[in-house]
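Observations on chain architecture
Letter by letter, the chains look like this.
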Amino acid sequence: MTAGIDFGRRTLVVRHRVLTARIGLRAAVVCAVLLTLALAVAVLALGTGDYAIPPDRVVRALFVGDQRFDRLVVWEWRFPRVVLALALGAALGVSGAILQSVTRNPLGSPDIVGFNTGAYTGALIVILTLGGGGHFPTAAGALVGGLATALAIQLLAFRHQVSGYRLIIVGIGVSAMLASVNTWLVLRADLHAAMSAAAWGAGSLNGLSWPQVAPALVVLAILGILVIPFALELHILELGDDLAHAFGLRVGRSRTVLIVLSVALTAAATAVAGPIAFIALAAPQLGRRLARSPSIALVPAAAMGALLLVSCDWIAQRAFAPTTLPVGVVTVSIGGLYLAYLLVVEARRS
């Protein structure tokens, strides 16, 4: 593998046998800074709590392990939560980037369109019909619910092809109906099941441990690998359907596969931690603005998503300590302000 920098075009060129990748130099720097900040917040989160650990001891506990109690606190109690915050944030960022690129609309986010709501519906059915169900049945229900919702939206939005605005409008309508169904399910449940469902529906990383980490990372890694071959098609789709057809791209097939991958990433994250709103909406646009890229890029969106979720989770843990908030409460509070800003910007452009 060889690498070089083309200063004339400000790109980093990486070659490996027959494969060549061009990465914007500014985008690479932005990604490196975002990942560094995310890791710094992760170290801070690993060290804060009822038993505070300085950053240097956190690093020693991670790599040396000479202090047994520090290692127990960092590795067994706090590390699974931080790892999942980074991984799920990156997954939500990529999911939002895919959907916003396909719809060519900054409001094309899984939580706006309704995929999160559908995943919550699937999880509710499992929780309330199986008496709690357990973590993995609930995760399976969320995954099936998200995919079923995506299929319903795709069919309702389908004419000759799915347009971005039509998909968003239909998704908002389906999301509203599913939200009503979710409320009805919770109201009809007994008190214990309703409280369990409501806690899960707030979006929380509380109580997650190593048994949930490995399956989640495996699923997200597989989905991430599947996204890579379609990254080029994603940029071609942004040029418009006519140009995409001229390049020989099967637009309908590519769009459908990308939407399924976006839904799968969102459903996988929702299956682990519940519906976490606004990360998928904000991360792609913030990453794009920082990188100053002409289109939405997946890697900056993933890095920004990881930073946002690990930061919001740390705020959720420490803002009202010793009371721990669900991370979804923090993301909704911050994301609501961002959504209002985005609507104002889009209104001015119109």
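All of these numbers come straight from a predicted model, not from anything done at the bench. (Residues numbered from 1 in each chain as written. Predicted model: local features only at pLDDT ≥ 70, side-chain atom pairs only at ≥ 80, totals over all residues. Heavy atoms only, no water.)

**Describing helix 14 (residues 298-318)**
- Helix length check: helix 14 (21 residues) gives 30 Å between terminal C-alpha atoms against 30 Å at 1.5 Å per residue, within 8%.
- Buried residues dominate helix 14, accounting for 15 of its 21 residues. (Helix = DSSP H or I, 4+ residues; strand = E, 2+ residues; numbered from the N terminus. Expected span 1.5 Å × (residues − 1). Buried < 20%, exposed > 50% of the residue type's maximum accessible area, 1.4 Å probe, protein only.)

**Overview of the nonpolar core**
- Ranked by size, the top nonpolar core spans 78 residues in total, and within it L88, I98, F115 and L265 carry the most contacts.
- Considering every element that reaches this core, the biggest residue donor is helix 3 (residues 68-103), with 16 residues.
- Leaving out residues up to four positions away in the same chain, I98 has contacts with V227, L234, L258, S262, L265 and L298. (Core = buried A, V, L, I, M, F, W, Y, C linked by side-chain atoms within 4.5 Å. Contact = heavy atoms within 4.5 Å.)

**So, helix 1 (residues 25-47)**
- Under the 1.5 Å per step criterion, the end-to-end length of helix 1 is 33 Å for 23 residues, consistent within 8% with the ideal 33 Å.
- Taken from the residues just after helix 1, G49 is the one with a positive phi, measuring 150 degrees.

**Considering the pattern of salt bridges**
- Under the criterion given, the structure shown has two salt bridges.
- Here R57 and D70 are joined by a salt bridge, their closest N and O atoms 2.9 Å apart. Of this pair, R57 sits in helix 2 (residues 55-63) while D70 is found in helix 3, placing the two residues 13 residues apart along the sequence.
- Taking the shortest distance from any N to any O, the salt bridge between D313 and R81 comes out at 2.8 Å. Of this pair, D313 sits in helix 14 while R81 sits in helix 3; the two residues are 232 residues apart in sequence, bridging distant segments of the chain.
- The class for D313 is buried, based on a relative accessible area of 3%. (Salt bridge = Lys/Arg side-chain N within 4 Å of Asp/Glu carboxyl O.)

**So, unusual backbone geometry**
- Located in the positive-phi region is R104, a residue other than glycine, with phi close to 55 degrees.
- Topologically, R104 is positioned in the loop between helix 3 and helix 4 (110-113).
- At F278, a residue that is not glycine, the phi angle is positive and equals roughly 75 degrees.
- Note that F278 resides in the loop between helix 12 (251-273) and helix 13 (279-291).

**A word on the packing of helix 3 against helix 9 (residues 210-227)**
- It is at 10 Å that the axes of helix 3 and helix 9 come closest, and there the two elements cross at 25 degrees. It follows that helix 3 is roughly parallel to helix 9 by the angle criterion. Relative to helix 9, the crossing made by helix 3 is left-handed. Listed contacts from helix 9 to W75, E76, F79, P80, V83, L84, A87, L88, A91, V94 and I98 of helix 3 are W210, Q212, V213, A216, L217, L220 and V227.
- Taken together, the residues that form the contact of helix 3 with helix 9 break down as 16 nonpolar, one polar and one charged. (Axes fitted to C-alpha atoms, helices over the stretch in contact; angles between N-to-C directions. Parallel < 35°, antiparallel > 145°, perpendicular 65-115°, else oblique. Left-handed = near helix turned anticlockwise from the far one by under 90°. Nonpolar A, V, L, I, M, F, W, Y, C, P; charged D, E, K, R; others polar.)

**Let's talk about the side chain of S262**
- The topology assignment puts S262 in helix 12.
- According to the relative accessible area criterion, S262 is buried, its value standing at 0%.
- In contact with S262, other than residues within four places in its own chain, are S95, I98, L99 and P110.

**Focus on the packing of aromatic side chains**
- Using the criterion set out here, one finds five aromatic pairs in the structure.
- On the numbers, 4.8 Å between centres and 80 degrees between planes, the contact of Y51 with F69 is edge-to-face. Here Y51, found in the loop between helix 1 and helix 2, pairs with F69, found in helix 3; they are 18 residues apart in sequence, far enough to count as distant.
- Since its relative accessible area comes to 29%, Y51 is described here as partly exposed.
- Ring geometry for W75 versus W210: centroids 6.1 Å apart, planes at 25 degrees, classification stacked. Separated by 135 residues along the polypeptide, W75 in helix 3 and W210 in helix 9 bring together distant segments of the chain. (Phe/Tyr/Trp six-rings, centres within 6.5 Å; stacked < 30°, edge-to-face > 60°.)

Just geometry here; none of it tells us what the structure is for.
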